[in-house]
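Secondary and tertiary structure notes
Next come the chains, spelled out residue by residue.
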Protein chains: 2
Amino acid sequence: MLGLSKKSDYALLALSYLATNGESRTVRTREIAERFAIPAELLAKVMQRLAKMGWLASSPGPSGGYTLAVSDTSITVGDVVRAVDGGSALTQCMHSPEGSDCEQWANCTIRGPLGFVNERVQDVLNHIPIRDIRERATPASAESELVSIVVPDHSAPAAVRAGASRSHNEGDTP
Amino acid sequence: MLGLSKKSDYALLALSYLATNGESRTVRTREIAERFAIPAELLAKVMQRLAKMGWLASSPGPSGGYTLAVSDTSITVGDVVRAVDGGSALTQCMHSPEGSDCEQWANCTIRGPLGFVNERVQDVLNHIPIRDIRERATPASAESELVSIVVPDHSAPAAVRAGASRSHNEGDTP
DNA sequence: CTAATGCCGACCAATGAGGTCGGAGACCTG
DNA sequence: CAGGTCTCCGACCTCATTGGTCGGCATTAG
């Protein structure tokens, strides 16, 4: 289907919400859930994983909640999707180093041609920091702000960005 | 999960195979299936849809098979995914004009911020023609191969070699 | 005619996504 | 100090979508 999963959606939503409305206060999961009308329990699970990643600081008890623990420019939607959805490679066997779990590595003719497509998509996702995902009423035509990526216009499919800069910033909390 | 479905994979594989090895001969489904070690029946189903899209010409009977009916630069992986996978919008309610079928339109906060991410991904996919998906033996660092597309017979200076100059001029195949 | 191919529909199975439940620790109140 | 309540936490469950299969029919070359 080629789409972000609900979990990724919620994670992105929550992170951007924290980046915007959670300046220096703890935000409860339920607040976010009600704000976006999404199931609170599922969001809770997502929040846990984000906290485990070191991106959120959690504090239990009443008046507890979550706080953004990192800069909103230091993590990208690629990071989030990868963390929440568990590996966002197009074909699963893409991330393993030598095909350790995929013994079809030799026969896997798919790896080559489709890996190229994968890299393009990953590239885009790795270049959108969560800061760029702000709540916006206007759905389209907001191109002006967030041109951090280099996608050309609609009819000239030239060189999307030759470098394929795989910037896996796998490091965690700064 | 953010990945192409198997069907899309197979479609892309088959199309690129036809673009490369099917110059002016009919290629049987089984040939492609065996080449890539994928289930023939499923590939057959995919091929039928591609044919119905007008991208493949089919001929039944012995010595029958498929032929690429369009230029390999005229369809993109976005087109293919959209056709085979059936609508590749992140959230389904994205394409409807005013949320006619999705009555959550008001609450749908996903539409705004996440639609932006969607558009970026779509953009990338819409800018990769199937010509760019060639079979490559070397998994990484095969950038140099990609350029082999339009290399003019003038002995190009060595400066041309690397990177990014993926030009899609080229008109149409008769 | 026969065989090989595409064509079409229905059918089955399993993976994984989406959603839910009961617990453990920490703040607040009396 | 003790109980209650609110929060996070982790395991569990269900079910829809996807991947895959099967059988039968139409068509055409030899």
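Residues numbered from 1 in each chain as written. Chains lettered and ligands numbered in written order. Predicted model: local features only at pLDDT ≥ 70, side-chain atom pairs only at ≥ 80, totals over all residues. Heavy atoms only, no water.

Points about the overall build of chain A
A tally of helices and strands in chain A yields 5 helices and 2 strands. The secondary structure elements of chain A, listed N-terminal to C-terminal, are α-α-α-β-β-α-α. Put simply, chain A has 174 residues, and 48% of those count as buried. Restricting the contact set of chain A to residue pairs at least 6 apart, pairs at least 24 apart contribute 63%. When the accessible surface of chain A is totalled, it reaches about 8500 Å², and 52% of it is carbon and sulfur. (Helix = DSSP H or I, 4+ residues; strand = E, 2+ residues; numbered from the N terminus. Buried < 20%, exposed > 50% of the residue type's maximum accessible area, 1.4 Å probe, protein only. Contact = heavy atoms within 4.5 Å. Areas by Shrake-Rupley, 256 points an atom, 1.4 Å probe, with all protein chains shown as cover.)

Looking at the protein's contact with DNA strand D
Near DNA strand D lie 23 residues; those nearest to it are Arg28(A), Tyr66(A), Lys6(B), Tyr10(B) and Pro62(B). Close to the protein, within 4 Å, the atoms of DNA strand D are drawn from sugar and phosphate at a rate of 74%. For DNA strand D, a sugar or linking oxygen lies 3.2 Å from a polar atom in the backbone of Gly61(A). In the model, a phosphate oxygen of DNA strand D is placed 3.0 Å from a nitrogen or oxygen of the Tyr10(B) side chain. Mapped by element, the contributors of at least two residues to the surface near DNA strand D are α3 (40–52) and β2 (65–68) of chain A together with α1 (6–21) and α3 (40–52) of chain B. The residue makeup of the surface near DNA strand D, split by class, is 8 nonpolar, 8 polar and 7 charged. (Near = heavy atom within 4 Å. Polar contact = N/O pair within 3.5 Å; in protein donor to acceptor, adjacent residues only side chain to side chain. Nonpolar A, V, L, I, M, F, W, Y, C, P; charged D, E, K, R; others polar.)

Considering helix α2 (residues 29–36) of chain B
All names here are of chain B. For α2, every residue scored as buried is listed here: Thr 29, Glu 31, Ile 32, Ala 33 and Phe 36. Looking at the buried positions of α2, the neighbouring elements they touch are α1, α3 and β2 (65–68). The first or second residue beyond α2 is Ala 37, which carries a positive phi of 60°.

Focus on the pairing of β2(A)
Bridging between strand β1 (residues 56–59) of chain A and β2(A) involves 4 bridges; their strand directions are antiparallel. Its bridge partner lying in β2(A), Ser59(A) is registered against Gly65(A). (Pairing = 2+ DSSP bridges.)

Digging into the protein's contact with DNA strand C
Every one of the 25 residues lining DNA strand C counts as a neighbour, but Lys6(A), Lys45(A), Thr29(B), Ser58(B) and Tyr66(B) are closest to it. When atoms of DNA strand C within 4 Å of the protein are sorted by moiety, sugar and phosphate together comprise 63%. At 2.7 Å, a backbone N or O of Lys6(A) approaches a phosphate oxygen of DNA strand C. Gly61(B) places a main-chain nitrogen or oxygen 3.3 Å from a base oxygen of DNA strand C. Broken down by secondary-structure element, the contributors of at least two residues to the surface near DNA strand C are α1 (6–21) and α3 of chain A together with α3, β1 (56–59) and β2 of chain B. Tallied by class, residues from the surface near DNA strand C come to 9 nonpolar, 9 polar and 7 charged.

Focus: α1(A)
Each α-helix turn comprises 3.6 residues. Residues three or four places apart therefore point the same way. Residues and elements named next belong to chain A. End to end, α1 covers 22 Å across 16 residues, agreeing with the expected 22 Å (1.5 Å per residue, within 8%). Of all 16 residues in α1, 12 are buried, a share of seventy percent or more. What α1 keeps buried is the set Ser 8, Asp 9, Tyr 10, Ala 11, Leu 12, Leu 13, Ala 14, Leu 15, Ser 16, Tyr 17, Leu 18 and Ala 19. (Expected span 1.5 Å × (residues − 1).)

Quick notes on the confidence of the model for chain A
Residues and elements named next belong to chain A. Here chain A shows a mean pLDDT of 71. Residues at 70 or above account for 60%. Every residue in residues 94–104 scores below 50 in pLDDT, and together they form 10 contacts with partners more than four places removed in sequence or on other chains. Confidence drops under pLDDT 50 across residues 137–174; counting only partners more than four residues distant or on other chains, this segment forms 58 contacts. (pLDDT = per-residue confidence, 0-100.)

A word on the pattern of salt bridges
Where charged atoms of side chains with opposite charge meet at close range, the side chains can pair. Under the criterion given, the structure shown has 6 salt bridges over all chains. Salt-bridge contacts for Asp79(A) lead to Arg82(A); the nearest nitrogen and oxygen are separated by 3.3 Å. With Asp79(A) and Arg82(A) both in helix α4 (residues 77–85) and 3 residues apart, the pair spans about one turn of that helix. A relative accessible area of 16% places Arg82(A) in the buried class. One salt bridge in this structure joins Asp72(B) and Arg131(B), with 3.4 Å as the shortest N-O distance. Here Asp72(B), found in the loop between β2 and α4 (77–85), pairs with Arg131(B), found in the loop between α5 (111–125) and α6 (143–146); they are 59 residues apart in sequence, far enough to count as distant. (Salt bridge = Lys/Arg side-chain N within 4 Å of Asp/Glu carboxyl O.)

Regarding the side chain of Thr29(B)
With respect to the element layout, Thr29(B) can be found in helix α2. Overall, the relative accessible area of 16% leaves Thr29(B) in the buried class.

Regarding the packing of aromatic side chains
All names here are of chain A. Under the counting rule described, the total for this entry stands at 2 aromatic pairs over all chains. Pairing Tyr 17 with Phe 36 gives two aromatic rings, centres 5.8 Å apart and planes at 80°, and the pair type is edge-to-face. Here Tyr 17 is found in helix α1, whereas its partner Phe 36 is found in helix α2 (residues 29–36), with 19 residues between them in sequence. Take Tyr 17 and Phe 36: they sit in the same class, and that class is buried. Over the ring of Phe 36 we find Arg 35, and its NZ or CZ is 4.9 Å from the ring centre. (Phe/Tyr/Trp six-rings, centres within 6.5 Å; stacked < 30°, edge-to-face > 60°. Lys NZ or Arg CZ within 6 Å of the ring centre and 35° of its normal.)

Some points on unusual backbone geometry
Residue and element names in this part refer to chain A. Located in the positive-phi region is Ala 37, a residue other than glycine, with phi close to 55°. Relative to the assigned elements, Ala 37 resides in the loop between α2 and α3. Overall, Ala 37 belongs to the partly exposed group, its relative accessible area being 46%.

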